[in-house]
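# Results of the structural survey
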Amino acid sequence: NAGVMQNPRHLVRRRGQEARLRCSPMKGHSHVYWYRQLPEEGLKFMVYLQKENIIDESGMPKERFSAEFPKEGPSILRIQQVVRGDSAAYFCASSPPRTDPGELFFGEGSRLTVL
Amino acid sequence: GIQVEQSPPDLILQEGANSTLRCNFSDSVNNLQWFHQNPWGQLINLFYIPSGTKQNGRLSATTVATERYSLLYISSSQTTDSGVYFCAVAEYGNKLVFGAGTILRVKS
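The notes below deal with the structure included here. (Residues numbered from 1 in each chain as written. Chains lettered and ligands numbered in written order. Predicted model: local features only at pLDDT ≥ 70, side-chain atom pairs only at ≥ 80, totals over all residues. Heavy atoms only, no water.)

### Quick look at the sheet that holds strand 3 (residues 19-24) of chain A
Residues and elements named next belong to chain A. If you trace the four strands from one edge of the open sheet to the other, you get 1-3-8-7, paired in antiparallel fashion. At either margin of the open sheet sits one strand with a lone partner, and together these are strand 1 (5-7) and strand 7 (65-68). Averaged over all pairs of adjacent strands, the angle between strand axes in this sheet comes to 15 degrees, irrespective of strand direction. (Pairing = 2+ DSSP bridges. Helix = DSSP H or I, 4+ residues; strand = E, 2+ residues; numbered from the N terminus. Axes fitted to C-alpha atoms, helices over the stretch in contact; angles between N-to-C directions.)

In structure tokens, the structure reads:
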């Protein structure tokens, strides 16, 4: 039973490029959450999605960041025109449907480095 | 929003020692989880414990929801226990708010 799968594990981008991070939830899970961990800090909520719907994006920066969870395929966190301050670990978590509240399971994270 | 405070901020233990990590939160919660972030950055689920007591091997946790705190106990610590321990809570749903973590170093 595979866990939450994130890729790439490591991504290096130059300032101004785009970064795309992918997250496949655990089998049977239809809720996805993205979190960001800046160096030496705890995790901060970014966005909560269900299939084809953004439920809560209150933690997303207003510009350059977007997220989607299409009917088919993984959830994507997209960062346009990256800046050095975007360097962080981005974690995805998933939970089953109809469990609110319930336990979140996290992937291993994607570590973005902006040169 | 809800505030989460963890203590101590860091802790150094000799292998075999016991420890207690604390998590205080500022409002009532319906979701509380403890995580271990190992030195490779992976987040490991330890406990889902919005209330009550649970045990898993050398680890146990207690949440007293009415008094707004949770405790994580580590007994007979091992070097592999090193890392950062996070408490995370949600007032509603699964939108977790993380504490700043406790950095644990276990020396052999």
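Still more ground to cover, so stick around.
### Considering the state of the cysteines
Counted under the stated rule, the structure contains two disulfides over all chains. Put simply, C23 of chain A and C92 of chain A are joined by a disulfide, and their sulfur atoms are 1.8 Å apart. Here C23 of chain A and C92 of chain A share a disulfide; its torsion about the S-S bond, -55 degrees, makes the bridge left-handed. Linking C23 of chain A in strand 3 with C92 of chain A in strand 9 (residues 88-95), this pair joins segments that are 69 residues apart in sequence. Taking relative accessible area as the criterion, C23 of chain A reaches 0% and is therefore assigned buried. With relative accessibility at 0%, the residue C92 of chain A sits in the buried group. In this model, C23 of chain B is linked to C87 of chain B through a disulfide, with the two sulfur atoms separated by 2.0 Å. Around the S-S axis, the bridge from C23 of chain B to C87 of chain B shows a dihedral of about -60 degrees and counts as left-handed. Taken together, the residues C23 of chain B in strand 3 (residues 19-25) and C87 of chain B in strand 9 (residues 83-90) connect sequence positions 64 residues apart. (Disulfide = S-S within 2.5 Å. Buried < 20%, exposed > 50% of the residue type's maximum accessible area, 1.4 Å probe, protein only.)

### Observations regarding the pattern of salt bridges
Residue and element names in this part refer to chain A. Using the criterion set out here, one finds seven salt bridges over all chains in the structure. E18 serves as the salt-bridge partner of R78, at 2.9 Å between the closest nitrogen and oxygen. In this pair, R78 sits in strand 8 (residues 75-79) while E18 sits in the loop between strand 2 (10-13) and strand 3, placing the two residues 60 residues apart along the sequence. When its relative accessible area of 29% is taken as the criterion, E18 is described as partly exposed. Note that D86 is salt-bridged to R64, the shortest N-O span being 2.7 Å. Placement of D86 in the loop between strand 8 and strand 9 and of R64 in the loop between strand 6 (53-56) and strand 7 is noted, with a sequence separation of 22 residues between them. (Salt bridge = Lys/Arg side-chain N within 4 Å of Asp/Glu carboxyl O.)

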